[in-house]
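Here is how the chains run, residue by residue.
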Amino acid sequence: MKIGILTYHRAENYGALLQAYATKTYLQSLGHDVSFVDYWPKYHSDYFSIFPIRAFNKRNAKGIILMLLRLALWGVPRYIRKNRLQRFMRKKLELPKVPLYTNDECKTEKYDVVIYGSDQIWRKQNLGGVGFDAWYFGSENVLADKKVAFAGSMGAVSFDDEDEVYVLQQMRNFDNLSVREKDLHDFLSLKGIGSQLVSDPVFLLQKEEWTKVAPSGPINKKYILFYNLLNTRESVSFTNRLSLTTGLPVVEINKVLTPSRFFSRRYVSCASVERFLSLIAHADYVVSNSFHGVAFSLIFEKQFFAVGMREKANRVVSLLESLDLKSRYVVDGRSLSEDDSSVIDYAAVKKKLQVLVDGSVKYLNLCIQQIN
């Protein structure tokens, strides 16, 4: 069967790339002909540009000079990171160098099934006034006999009346509809639209399969891995306190470069996708303000904490509640407590997680089989 995947497959973000890889790898393991619906419009590519021209247009002379200085100092590390992530896209996702579809005038090749998701494909874009992107809602640009939303997400479920009407109308474009977060599932149910609650695609692959992607341990010492995607103060404070309590050094993955970070041994700013996985896999503790940082902590059975996610917490809280691990979500960077020294019982967690994953796999397989 010819299956297309429409997601944020070119986003220079570890979680986005790994969920895309997991969906593709799982579907290929079933014997299908799988590729990405290579839609990547200009507003996406501009966002990840090393040289953001639009940002220059919005600044005065002093601001432009400061941006040029920053670009001169940190352009090379940013290029290294971009190049490493794009190498993963080419090798593991099998993407061409240039996207195939970049605007609303494009029509895709014909697929038997197109899988929409995961990641926040339904969020309202705050990039150049784009708003919602109809491509991710099953628009007629995508030619397929069947359109399946799998683990779709939109972040915070908050609309004005006009947005709500649009979203509810577009959800009816899908032949099968499943979502990743409970609050979106409940919202759709309240509005009379049925959906299945499923796990993120990264859970479609087992720990052993992810270990093959991650190289051997890059650091020959015990450490706390801090995946600081959001750069929130409470997550930094909590991580530093955990370091003092445990006596373990911190290795921090952070794409935001400053002079102190660039020359500090604590920070990793140019990690490849493979090294990102390896740093989680070999850590003694993981602290993260990223959904996928938490997801891979669970996959690699790490002692972890989710801290400082603020309005982005719903995705993690939804997952942790389903596993009876809500205590691992730290609100407002609270002080360390006795609960923080407790060890996660992964024998119990794995059973609960497997139930969720088995249901997700069964749902996905059923959606595909119905086309035959």
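Per-chain numbering applies: the sequence of each chain, read as written, is numbered from 1 onward. Residue-level local features of this predicted model are given only where pLDDT is at least 70; pairs of side-chain atoms are given and counted only at 80 or more, and the full residue set underlies all totals for whole chains, interfaces and linings. To obtain the side-chain values, all non-hydrogen atoms of the structure were used and water was disregarded.

(A) Looking closely at the pattern of salt bridges. Any Lys or Arg side-chain nitrogen located within 4 Å of an Asp or Glu carboxyl oxygen qualifies as a salt bridge. Here the structure, examined in full by the defined rule, presents 17 salt bridges. If you follow the salt bridges from partner to partner, you end up with Arg180, Glu181 and Asp200 in one network.

(B) Spotlight on the packing of aromatic side chains. Planes of paired rings set the category: under 30 degrees apart is stacked, over 60 is edge-to-face and the rest tilted, where pairs are Phe, Tyr or Trp rings (Trp by its six-membered ring) whose centres lie within 6.5 Å. Summed over all chains, the structure comprises 22 aromatic pairs. Among the aromatic residues, ring-to-ring pairing joins Tyr8, Tyr39, Trp40, Tyr47, Phe48, Tyr101, Trp135 and Tyr136 into one connected group. A positively charged side chain is recorded as over a ring if its NZ (Lys) or CZ (Arg) lies within 6 Å of the ring centre. The angle to the ring normal must also be within 35 degrees. Arginine 81 extends its terminal NZ or CZ atom over the ring of tyrosine 14, reaching a point 5.2 Å from the ring centre. Looking at arginine 180, its charged tip hangs above the ring of phenylalanine 291, at a distance of 4.4 Å from the centre.

(C) The sheet that holds strand 5 (residues 176-179), seen in detail. In space, the six strands of this open sheet follow the order 2-1-3-4-5-6, with parallel pairing throughout. Only two strands of the sheet have a single neighbouring strand rather than two, namely strand 2 (33-36) and strand 6 (196-197). Pairing between strands requires that DSSP locate at least two bridges from one strand to the other. Here a helix means four or more residues in a row that DSSP labels H or I, a strand means two or more in a row labelled E, and each is numbered from the N terminus. Pairing of strand 4 (residues 143-152) with strand 5 involves three bridges; the strand directions are parallel. Residue pairing across strands places alanine 149 opposite leucine 177, the latter belonging to strand 5.

(D) Seen up close, the sheet that holds strand 8 (residues 250-253). Taken together, the six strands give an open sheet; going across it, the order is 9-8-7-10-11-12, and neighbouring strands pair in parallel fashion. Only two strands of the sheet have a single partner each, and these edge strands are strand 9 (267-268) and strand 12 (329-330). In terms of strand pairing, strand 11 (residues 303-307) meets strand 12 through two bridges, oriented parallel. Following the sheet pairing, alanine 306 is matched in strand 12 by tyrosine 329. Here, residues are in contact when the closest pair of their heavy atoms is within 4.5 Å. To get an axis, fit a line to the C-alpha atoms, keeping to the stretch in contact for a helix; angles then go from 0 to 180 degrees between the N-to-C directions. This element, helix 8 (residues 233-246), spans strand 7 (224-227), strand 8, strand 10 (285-288), strand 11 and strand 12 of the sheet and lies at about 180° to strand 7.

(E) A look at the pairing of strand 5. Burial here depends on accessible area, computed with a 1.4 Å probe over protein chains only, as a share of the maximum for the residue type. Under 20% is buried, over 50% is exposed, and the range in between is partly exposed. Covered by surrounding structure in strand 5 are Asn176 and Ser178 together with Leu177 and Val179, the residues of both alternating faces. We call a crossover right-handed when, viewed with both strands directed away from the observer, the connection leading from the first strand over the helix to the second proceeds clockwise. Note on the crossover from strand 4 through helix 5 (residues 161-171) to strand 5: the handedness is right-handed. Across two bridges, the pairing between strand 5 and strand 6 is parallel. The residue of strand 6 that forms the bridge with valine 179 is leucine 197. This β-α-β element, strand 5 to helix 6 (residues 182-190) to strand 6, shows right-handed connectivity.

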